[in-house]
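Given next are the chains, with one letter for each unit.
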Amino acid sequence: MGTVAAIGVWPVKATFLSSILATFLDWACGCRLGALGLLLAHLGPSMLIAWLKLRQRNVGPILDANGCQ
């Protein structure tokens, strides 16, 4: 039932995303760079922290438990 509902909502999501993309592409180059800069300034620190934490993880025990060699 959930799959049927998700399929019914998909055209609305696609229309919304395409309108956002069209609006973004209509902007001048400086405005696009400003919007991307704001996005990076907002999300950058959390992406950096996540990258540093993932870099410290050791996936060896996980691979050994799955039988990978």
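Residues numbered from 1 in each chain as written. Predicted model: local features only at pLDDT ≥ 70, side-chain atom pairs only at ≥ 80, totals over all residues. Heavy atoms only, no water.

1. Brief notes about the overall build of the chain
The secondary structure content of the chain amounts to three helices and zero strands. Secondary structure elements of the chain occur, N-terminal to C-terminal, as α-α-α. Accessible surface, the chain as shown: approximately 6,200 Å² in total, 72% of it carbon and sulfur. (Helix = DSSP H or I, 4+ residues; strand = E, 2+ residues; numbered from the N terminus. Areas by Shrake-Rupley, 256 points an atom, 1.4 Å probe, with all protein chains shown as cover.)

2. With respect to a nonpolar patch on the surface
Taken together, the side chains of Leu 33, Leu 36, Leu 39, Leu 40, Leu 43 and Met 47 present a nonpolar region at the surface, about 580 Å² in accessible area. Tracing the sequence through the fold places Leu 33 in helix H2 (residues 29-56). Since its relative accessible area comes to 55%, Leu 33 is described here as exposed. (Patch = residues over 30% accessible without salt bridge, like charges linked within 9 Å, V, L, I, M, F, W, Y side chains within 5 Å. Salt bridge = Lys/Arg side-chain N within 4 Å of Asp/Glu carboxyl O. Buried < 20%, exposed > 50% of the residue type's maximum accessible area, 1.4 Å probe, protein only.)

3. Some details on H2
An ideal rise of 1.5 Å per residue puts 40 Å on 28 residues; H2 measures up with 38 Å between its terminal C-alpha atoms. The sharpest bend along H2 measures roughly 45° and falls at Leu 43, with the proline Pro 45 sitting one to four residues further on. (Expected span 1.5 Å × (residues − 1). Bend = angle between axes of the 7 residues up to and from the residue.)

4. Looking at the confidence of the model for the chain
Across the chain, the average pLDDT comes to 81, with 86% of residues at or above 70. Of all the helices and strands in the chain, helix H3 (residues 60-65) carries the lowest mean pLDDT, 76, while H2 carries the highest, 87. (pLDDT = per-residue confidence, 0-100.)

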